[in-house]
Amino acid sequence: MEVSDRLAADYRITVNPQLMVQKHPLPTPEELFVRIKGKRFCKLDLKDAYLQMKLDDESKNMTTVTTHKGLLRMNRLPFGISSCGDIFQSAMDRILEVLDGCVNYLDDLLVMGGTEEEMLKSLDQALARLTEHGVRLKRSKCQFNLKEVTYLGWRISGTDLKPVPEKIEALLKMPEPKDVSELRTLLGSLNYYQRLIPNMATTLAPLHNLLKKEVKWKWSRECKRAVEEIQRVLCSDKVLMRYDPQMPIKLITDASSIGVGAVLVHVLSDGLERPVCYSSRTLTATEKKYSVLEKEALAVSFGIKKFHHYLYGRRFCLVTDNRALSMILNPHRELPSLAAARMQRYALQLAAHSYEVELRRTDVMGIADTLSRLPLSIVTQEEEEEWCPQVLNTENEGPTLHAREVEVYTRRDPVLGRVLQYVRTGWPGTVDPTLKPFHLRQDELSTEGDCVLWGGRLVEPTKLRDRVLQEIHSGHMGSSKMKQLARRHVWWPGLDRELENLASSCSACTEKRAAPLKSTLHPWEQTSGPWERIHVDFAGPFQGTMLLIVSDSFSKWIEVTAMKSTTAERTVEELRKLFARHGLPIQIVTDNGTQFTSEEFATFTKKNGIRHIRWLLLAKPQQRCYTDGTSGLVSTSSDRMTEQQPEVLKKR
């Protein structure tokens, strides 16, 4: 599967509210279908549609975004600007207006001809116009010389125009209810459409009979026929209607513990909602571990992707029954800074659309609620990928805690175990005092595997907190810097207070607190045994060779190896031989040579569980700093240097 990055920014409370959007009419399917004539078709898809449009200098300044690398100014029209659809459709209409055998809806182009020769002629003209204006296509999504093509949710051929079966498949293939609870869910959603279904009460009588207390559950042929009849009516012209870009549209999404569902509906003049498409799918094993909030957001993401061609470039209403989600995804509110990374991705996906949010009670969510509880067993390859266990690090590059270890202790923890369950299934109205700190942050808690996260920080189980405190305290940085480090990686109730107590009871931290602002010299810490920490560097050239020097900090033992090549691959090869003789060290200290900063060397140390520390020379003599290469933490070392050594190297 091809995977690519798409640049998007969140302009919900900055640029979009200030824009005076110049409306450009989107063509209706009826207008396009009238122009579609022929028996051979080509479907063209533009690559990163909006990003092909250049911005003027004034617009570039307005679309500047703040990143971890500083301010970045957009050079092209980014996803997230509310007027993108109108601007892009207007531009494409000007480019293709002179062509007779081509129609377009935003970034989807359909080229046609009565014969293969006519189709190729129209295709040449369309490609020439696109090339003239510098418009690029995405080859993997383009289709050529087809007798039948799917366009705007319809199957088009030389003789027929038929709706795509997938738009009603989720309803027609919906699994049968297995118990009274699932049956109540189904009947509750069907009542939402009772105005559109004649004699619905009579048709559903066998199902209502199963709800009686004295009746034993048995799914009979009459029940099956009743459901099939309702499904047939819901997919008929009496209920299901054709998509009309001129009518108000709503996307209704819902999630359950087993699946997600989405329904696209039009709003009639009398307020009645008639469905256009249905869709659903089951959750993967990983997705079932998501929090309730993340499952609801996943349903929104699923609906946006599934009905992309209907929603892209026009304003719609997003309907959900989750109050927290309605606030987080509100286009007029800033995304909470502590929202989980997964929620931020969903919010950025929505940022490319113009929408408003409607909060609705669960009992009036309609068929979306039923589709989420009785979903189709459809899982795409991308969604089927299982969660990959990762190492959770603080300061060092070697594994401090493994995710699997944290998962085990989280499940066994009497408090976090309950928190994990509540995050996934929903929080009760009242909780024990021990759970109150987590209950107050319930909208900001998420899960990764069986680990609990607060924003991007791992919530540590009680059994592992001492180990984490020791790791954070290992540099004797004082309470302020220890809290800064902790706030990037971990959290639990009372963490700041514990760090303050730890710093106040440590003589080294106390001395640093009383010292002037100038950085104090900090020697390498004493090792307790041989081959715990080794220092590695290259010397030379000497007689045409470089010398790989490895020194053990405890025994002062030195290993020297002559090398013709000093690439990362050769360095790893020699160290592997050395470790086969002496064993694996706990720490490796190197400079920032390209051999040691390479991805190959990082993979070598990580797979062997070795902490890699890289040091830099500073401007002042007799002072050296070292960093773990990932976290950006810097400490100083008092290892002596000679005056002949270079004074300063660049910052990381």
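Residues numbered from 1 in each chain as written. Predicted model: local features only at pLDDT ≥ 70, side-chain atom pairs only at ≥ 80, totals over all residues. Heavy atoms only, no water.

## Comments concerning the pairing of strand 13 (residues 316–320)
So, point 1. With five of five residues buried, strand 13 lies mostly within the body of the structure.
So, point 2. Neither face of strand 13 is open: one carries Phe 316, Leu 318 and Thr 320, the other Cys 317 and Val 319, and all of them are buried.
So, point 3. Of the strand pairs in this sheet, strand 10 (residues 249–255) and strand 13 are connected by three bridges, and their pairing is parallel. Within strand 13, the residue paired with Ile 252 across the bridge is Val 319. (Buried < 20%, exposed > 50% of the residue type's maximum accessible area, 1.4 Å probe, protein only. Helix = DSSP H or I, 4+ residues; strand = E, 2+ residues; numbered from the N terminus. Pairing = 2+ DSSP bridges.)

## Regarding helix 13 (residues 341–351)
So, point 1. Listed as buried for helix 13 are Arg 342, Met 343, Tyr 346, Ala 347, Leu 350 and Ala 351.
So, point 2. Buried positions along helix 13 lie against helix 10 (292–306), strand 13, helix 12 (323–328), strand 14 (355–359) and strand 17 (445–448). (Contact = heavy atoms within 4.5 Å.)

## Considering the state of the cysteines
In protein chemistry, a disulfide is the covalent bond that joins the sulfur atoms of two cysteines.
So, point 1. By the definition in use, this model includes zero disulfides.
So, point 2. As a non-bridged cysteine, Cys 42 has Cys 142 as the owner of its nearest cysteine sulfur, 9.1 Å distant.
So, point 3. Judged by its relative accessible area of 1%, Cys 42 falls in the buried class. (Disulfide = S-S within 2.5 Å.)

## Some words on the environment of Gln 246
So, point 1. Tracing the sequence through the fold places Gln 246 in the loop between helix 9 (221–234) and strand 10.
So, point 2. On the basis of relative accessible area, Gln 246 is assigned to the exposed category, the value being 57%.
So, point 3. Spatially, the C-alpha atoms of Gln 246 and Thr 28 are 7.6 Å apart, while their sequence positions differ by 218 residues.
So, point 4. Those residues in contact with Gln 246 that lie beyond four places of it in its chain are Leu 26, Thr 28 and Arg 314.

## Overview of the packing of helix 19 (residues 465–473) against helix 21 (residues 495–504)
So, point 1. As a packed pair, helix 19 and helix 21 sit with axes 11 Å apart at the nearest point and diverge in direction by 55 degrees. Taken together, helix 19 and helix 21 sit at an angle that is classed as oblique. Judged by the sense of rotation from one axis to the other, the crossing of helix 19 with helix 21 is right-handed. Mapping the contact onto sequence places Leu 469, Ile 472 and His 473 in helix 19 and Leu 495, Glu 498, Leu 499 and Leu 502 in helix 21.
So, point 2. Residues of the contact of helix 19 with helix 21, tallied by class, amount to five nonpolar, one polar and one charged. (Axes fitted to C-alpha atoms, helices over the stretch in contact; angles between N-to-C directions. Parallel < 35°, antiparallel > 145°, perpendicular 65-115°, else oblique. Left-handed = near helix turned anticlockwise from the far one by under 90°. Nonpolar A, V, L, I, M, F, W, Y, C, P; charged D, E, K, R; others polar.)

## Observations regarding the confidence of the model for the chain
So, point 1. For the chain, mean pLDDT is 78; residues scoring 70 or higher make up 81% of the total.
So, point 2. Across the chain, strand 13 holds the top mean pLDDT of 92, while strand 27 (residues 634–637) sits lowest at 38.
So, point 3. Confidence drops under pLDDT 50 across residues 617–652; counting only partners more than four residues distant or on other chains, this segment forms 88 contacts. (pLDDT = per-residue confidence, 0-100.)

## Regarding unusual backbone geometry
So, point 1. Between Gly 540 and Pro 541 the backbone carries a cis peptide bond, its omega angle lying at 5 degrees.
So, point 2. With respect to the helices, strands and loops of the structure, Pro 541 is situated in strand 21 (residues 533–542).
So, point 3. You will see that Asn 145, though not glycine, has its phi angle at about 50 degrees, which is positive.
So, point 4. Within the secondary structure layout, Asn 145 lies in strand 6 (residues 143–146).

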